[in-house]
Amino acid sequence: MQPSFDPSAAHFASRYLADFAALPVAVQYGFAVVFGLVIGSFLTVVVHRLPVMLERAWRSEVEAAAPDAPKAAADPYPERFNLAVPRSACPHCKHVLRAWENIPVVSYLALRGRCSACGARVSPRYPLTELATGALAALSLYAYGPGWAALAGFGLCATLLAAALIDYDTRYLPDILTLPLLWAGLIVNFGEGGFATLHDAVTGAIAGYLFLWCVYWIFKLVRGVEGMGYGDFKLLAAIGAWLGWAALAQVVLIAAVAGAAFGIVATWRKRMRFEEPLPFGPFLAAGSAITLFVGTPLYALFG
Ligand SMILES: [Zn+2]
């Protein structure tokens, strides 16, 4: 038999996916979880470093535009600072993590949540982010089976998780996450086998942006408050591009209910003041992930 030759990258990738699908199910989940943990470890770096990098870029723009203006205090990080360098280090004693201290979750447990050099506590947020990403990879595999959709769905979840954590920390949703996410959604839904038709995806991107834009202006004009930021509009536009316009009502409903519940509990426990604005991104992200995995069962309640 003549060996067939298909030079496309998609053909090769599809063959790997077919090989993956032929593995025993337990091995597939093992791969998915380990892959998720490794991506989760990278996300902790993104969440920590991206805001610093954006702040620096913004500051150098300001300094270029107004050279005589008083300079803001510099951040404590080294001059070369991006997602790859410098290597991760303890923020207390600057001890550079060795390879075995950088294994997702395992190192945290082995070191009992402390720096091996100075004994300072390591935030449990690192292993929790890694575990959450591992769980999202397994969920994507469970919901969509071995194939492109699971991989794409996991990509959406991982980006949403990073965006949610950055929004929670800084009250800012970076364009560098939301805008590529929007494009990725349109591309994923371009052909067959996406999460929505291309028509619904484009409509979703427009509707997502406009809906929150309207809510923002109504609040601003009627009550004089800014309940959310432009990052939220772009995030919901991206979610509409991924899940289609029809999913947006459920995403916003889950986000609003979860956000209100969180706000009430946080105020009640005196963690925050009532007037303090909540970051909306984490709740939009949660609503999207739920919708990605379970569809839109809420609509059945309303007929
Ligand atoms: Zn240390």
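Residues numbered from 1 in each chain as written. Predicted model: local features only at pLDDT ≥ 70, side-chain atom pairs only at ≥ 80, totals over all residues.

## A short note on the nonpolar core
Residues Leu161, Ala162, Ala163, Leu236 and Leu284 are the most contacted members of the largest nonpolar core, which totals 54 residues. For this core, the secondary-structure elements that each account for two or more residues are helix H2 (25-65), helix H4 (125-144), helix H5 (148-170), helix H6 (175-188), helix H7 (198-223), helix H8 (230-243), helix H9 (248-268) and helix H10 (281-294). No other element matches H5, which puts 13 residues into this core. Structurally, this core is a two-domain feature, drawing no fewer than three residues from each of domain 1 (17-146) and domain 2 (181-303). Apart from residues no more than four positions distant in its own chain, Leu236 is found in contact with Gly208, Tyr209, Phe211, Leu212, Leu248 and Leu284. (Core = buried A, V, L, I, M, F, W, Y, C linked by C-beta atoms within 7 Å. Buried ≥ 20, exposed ≤ 12 C-beta atoms within 10 Å, placed from the backbone. Helix = DSSP H or I, 4+ residues; strand = E, 2+ residues; numbered from the N terminus. Domains from an automatic or database assignment. Contact = placed C-beta atoms within 7 Å.)

## Structural notes on the packing of H9 against H10
Direction vectors running N to C along H9 and H10 enclose 130°, while the axes themselves pass 8 Å from each other. When the interaxial angle is binned, H9 and H10 end up oblique. At the point where H9 passes H10, the crossing takes the right-handed sense. Residues Gln250, Val251, Val252, Ile254, Ala255, Ala258 and Gly259 of H9 form the contact with H10, whose own contacting residues are Phe283, Leu284, Ala286, Gly287, Ser288, Ile290 and Thr291. (Axes fitted to C-alpha atoms, helices over the stretch in contact; angles between N-to-C directions. Parallel < 35°, antiparallel > 145°, perpendicular 65-115°, else oblique. Left-handed = near helix turned anticlockwise from the far one by under 90°.)

## Notes on H9
Because an α-helix packs 3.6 residues into every turn, residues spaced three or four apart end up facing the same way. Its 21 residues place the ends of H9 30 Å apart at the C-alpha level, agreeing with the 30 Å of an ideal helix rising 1.5 Å per residue. Those residues of H9 that fall on the buried side of the exposure criterion are Leu248, Gln250, Val251, Val252 and Ala255. Turning to H9, the residues buried within the fold contact H7, H8, H10 and helix H11 (298-301). (Expected span 1.5 Å × (residues − 1).)

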